[in-house]
2 protein chains.
Amino acid sequence: MNPLPHVVILGAGYGGLVTAIRLQKMLNDQEADVTLVNKHDYHYLTAHLHKPAAGTDRDDNACISISELIDDAKVHFVKSTVLEIQPEQKKVVLEDRVLSYDYLVIGLGSEPETFGIPGVREYAFKIRSINSVRLIRTHIEYMFAKYKLEPHRTDYLTFVIGGSGLTGTEFVGELADRLPDLCKKYRVDSSLVNIYNVEMAPQALPMGLPSDLVDYGMDVLRRKGITYQLSTAIKECTPEGVVLGSGEFIKAATVIWTGGVRGNHLLEEAGFETVKGRVKVDEYLRDPRHPDVFIVGDCSMVQSPEGTPYPPSAQLAVRQGANVARNLAAILRNQPLKPFQFDYKGTVASLGKHEAVGVVNGKKVKGRVAAWIKRIIDARYLLIIGGVRLFLKKIT
Amino acid sequence: MNPLPHVVILGAGYGGLVTAIRLQKMLNDQEADVTLVNKHDYHYLTAHLHKPAAGTDRDDNACISISELIDDAKVHFVKSTVLEIQPEQKKVVLEDRVLSYDYLVIGLGSEPETFGIPGVREYAFKIRSINSVRLIRTHIEYMFAKYKLEPHRTDYLTFVIGGSGLTGTEFVGELADRLPDLCKKYRVDSSLVNIYNVEMAPQALPMGLPSDLVDYGMDVLRRKGITYQLSTAIKECTPEGVVLGSGEFIKAATVIWTGGVRGNHLLEEAGFETVKGRVKVDEYLRDPRHPDVFIVGDCSMVQSPEGTPYPPSAQLAVRQGANVARNLAAILRNQPLKPFQFDYKGTVASLGKHEAVGVVNGKKVKGRVAAWIKRIIDARYLLIIGGVRLFLKKIT
């Protein structure tokens, strides 16, 4: 008997995880061996990380153990770090072993794009993993504790967030909710706290939002205490703060960079043709030169019918994962492939507790209603990956 | 009508607070004006600080609002920092005003004694106030968060405690209880964590404990993971760790100094004759040259009948406060003073949860029984200062 085709999925982010979960439902054990590789033994909700980063939610609420989602009789899970992808040899080098594949799904996520700004890589925090947001949360509280013993150091109470796209905006909303609690706990005068959101573009909030919603969102966040510095570059990040394009220096013990992401460096290193680390995939989400390699999530670039690439999002990655799983099953069964089509539902950006703003199915939403829709979107994802049991566990 | 005599009490630690509470019970409002000055608007239980420092208890459990203890119709509370004591002018300079007194009670507590060891003042944490223990607690958790992103930095998981007297011992006991929780929370292999307790003396635990109890206590703490370095000096403390007397360097991101205390520097600066910052008081706890100045707690030195000074303790300070209040009332009523007598009850050192060791009324105690006695001692103090209401609030 020939060995079964081996499907290897790299990364258990939104795209890779949904691929694995769909495959375990669709395939029987005579059709393929499926291996899922991930650095951690948990999946985390990247789109939820702004909350544990600020400390407004527990980090385990952004975490789901992979063993709760994956049936190990159907999908073999390997906790390891990918070191190298060798598409010509159809091999993947992990830190502890080498895997051969017949079909590969790459969902290795993104890395911060620092645009070569000196010091951002070294001195700015990034919102990118459970570990990195725990560092931010513990750092913020540590700064309050330090301030109490060195009350001349108001830079301990100064927070600079570089970038005001979706992540930056959602984070400052949570931070503005969190800091008054810390002021109360540490008996710090809240008027000494400063949150700067520095953005290159002339307006804040995710690109593509209608301008009345941008105004609404910025107004909400300004009232919560955010100081916007728009049309402003960060020229340098130092251990003491940031230098702005104007030459002005903001002394701040906490700088958080949300200014951009690029695809995982492993794809470029493997010889894939990339733009910002992303591979422009074909209509079946495959690398154009390697039809056995599917790429999902932040490592992939998908053109919209208008010819512009969709911005990377959880929503897109989830749809990609479902499409890849379907097409892998089709390949194994010698059935025709189905092109990927993305029915973009819109974006809702939370602005802290009970406040959000966005566009859903072409309709503008804001305020409490938008915050409520945001919760439904989050809950829907839990239903997709874990069914009702996970939904009830995380939501209630 | 002549103004009433003005009694000023500096510091709301154990000694000063008990003086104030007793005076407000004993005096009627025609006998004296009483002013209590304290840096914070809360009293903290210095002997309890090892728990919030390690994170095994909330810091507000070591805090009591002064307004809960002091009746402002009877004692005037001033939240301010003392800058200078002028015993010849009978004045006290605060940061925002000058107070004149007829009788002064000094209970300004202690400061770390670093014995001139380079770097201990700058780089080692101290367990001395609510603010300082919050810094330690947040720092410890921050180190775990940092370790997760830099797993080669095992110095983030290395803790050096200088000194193994009462504070050092009680702190390492709590730390050994706390770190496994942090290992679990941050998914850190607990075998990578190291706690070193470095002590100049050839044995650990508070001086004067019988050697079988010392052996018992060290055995308990060793089993909890403490590594003792006895008969060992700390030669230098650096931002990266400590240099031992042998020249050995322990790389550690957290160094906590509990090696000794001395009396508040303000007494020496005021011209009082001091030894280690402490004033050798007369039998009525007064400065020998200023019969209008009483000194209680860690700023005072009281000889035992055997001629050796009692070690500073909460127990001693509480008794002193009661004696000073009684004698102040006697002075105001032209009654004879009563010499201070200290009926030393003994010492119990906690060794973490459900474990303690000590001598009470001449009897050796250890294990769960000792831990239970320790709780009774703590509870008794709450009854002394706040009555049944405070007792129930804090204990239940």
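Since the structure is predicted, the reported quantities are computational estimates derived from the model, not experimental observations.

Rules and cut-offs
Residues numbered from 1 in each chain as written. Chains lettered and ligands numbered in written order. Predicted model: local features only at pLDDT ≥ 70, side-chain atom pairs only at ≥ 80, totals over all residues. Heavy atoms only, no water. Helix = DSSP H or I, 4+ residues; strand = E, 2+ residues; numbered from the N terminus. Buried < 20%, exposed > 50% of the residue type's maximum accessible area, 1.4 Å probe, protein only. Least-squares fit on C-alpha atoms with pLDDT ≥ 70 in both. Contact = heavy atoms within 4.5 Å. Buried area = accessible area lost by both parts, 1.4 Å probe. Salt bridge = Lys/Arg side-chain N within 4 Å of Asp/Glu carboxyl O. Polar contact = N/O pair within 3.5 Å; in protein donor to acceptor, adjacent residues only side chain to side chain. Nonpolar A, V, L, I, M, F, W, Y, C, P; charged D, E, K, R; others polar. Expected span 1.5 Å × (residues − 1). Domains from an automatic or database assignment. Core = buried A, V, L, I, M, F, W, Y, C linked by side-chain atoms within 4.5 Å.

### A word on unusual backbone geometry
Look at Phe115(A): it is not a glycine, yet its phi comes out positive at around 55 degrees. Along the chain, Phe115(A) falls in the loop between β10 (110-112) and α3 (120-123). Here the phi dihedral of Ser231(B) falls at roughly 50 degrees; this positive angle occurs in a residue that is not glycine. Looking at where Ser231(B) falls in the secondary structure, it is placed in the loop between β14 (226-229) and β15 (234-238). Residue classification places Ser231(B) among the exposed residues on the basis of a relative accessible area of 51%.

### Structural notes on the relation of the copies chain A and chain B
Note on the identical chains: chain A maps onto chain B by a rotation of 180 degrees and an axial translation of 0.1 Å, with an RMSD of 0.0 Å. With respect to symmetry, the two chain copies, as superposed, fit the operation of a two-fold axis.

### Points about the interface of chain A and chain B
Contact with chain A, which involves 19 residues of that partner, is made by 19 residues of chain B. Approximately 1,800 Å² of surface area, both sides summed, lies buried where chain A meets chain B, with 59% of it carried by carbon and sulfur atoms. Of all residues in chain A, Arg134(A), Leu135(A) and Tyr142(A) bury the most surface against chain B, accounting for 31% of the area lost on that side. In this assembly, chain A and chain B are joined by 4 salt bridges. Close ionic contact of Asp41(A) with Arg187(B) constitutes a salt bridge, the shortest N to O distance being 2.5 Å. Linking chain A to chain B there are 10 residue pairs in polar contact (both at pLDDT 80 or more). Broken down by element, the side of chain A that touches chain B gets its largest block of residues, 13 residues, from helix α4 (residues 130-149) of chain A. In terms of residue class, the side of chain A that touches chain B is made up of 7 nonpolar, 4 polar and 8 charged.

### Focus: α4(A)
In this model α4(A) runs 29 Å from its N-terminal to its C-terminal C-alpha over 20 residues, within 8% of the 28 Å that 1.5 Å per residue would give. Among the 20 residues that make up α4(A), 17 are buried, leaving the element largely enclosed by the rest of the structure.

### Thoughts on the domain arrangement of chain A
Residue and element names in this part refer to chain A. Split by domain assignment, chain A resolves into domain 1 (6-112 + 261-345) and domain 2 (120-257). Placing a centre on the C-alpha atoms of domain 1 and another on those of domain 2 gives a separation of 32 Å. Regarding the contact of domain 1 and domain 2, the summed buried area is about 1,500 Å², with carbon and sulfur atoms giving 65% of it. The three residues of domain 1 that bury the most area against domain 2 are His-50, Ala-53 and Asp-59, which together make up 35% of that side's buried surface. Here domain 1 and domain 2 share 2 salt bridges between them. Residue Arg-134 pairs with Asp-59 through a salt bridge whose shortest N-O separation is 2.8 Å. Residue assignment for the side of domain 1 that touches domain 2 shows that the elements contributing at least two residues are β3 (42-44), α2 (50-54) and β10. Considering every element that reaches the side of domain 1 that touches domain 2, the biggest residue donor is α2, with 5 residues. A class-by-class count of the residues in the side of domain 1 that touches domain 2 yields 10 nonpolar, 5 polar and 3 charged.

### Quick notes on the nonpolar core
Counting 98 residues, the largest nonpolar core has Phe144(A), Phe171(A), Phe144(B) and Phe171(B) as its most contacted members. Sequence-distant contacts of Phe144(A), that is, excluding residues within four places in its chain, are made with Leu157(A), Phe159(A), Leu179(A), Leu182(A), Cys183(A), Tyr186(A), Val188(A) and Val193(A). Core analysis: the second largest hydrophobic core is formed by 63 residues, Ala32(B), Leu267(B), Tyr310(B) and Val324(B) among them.

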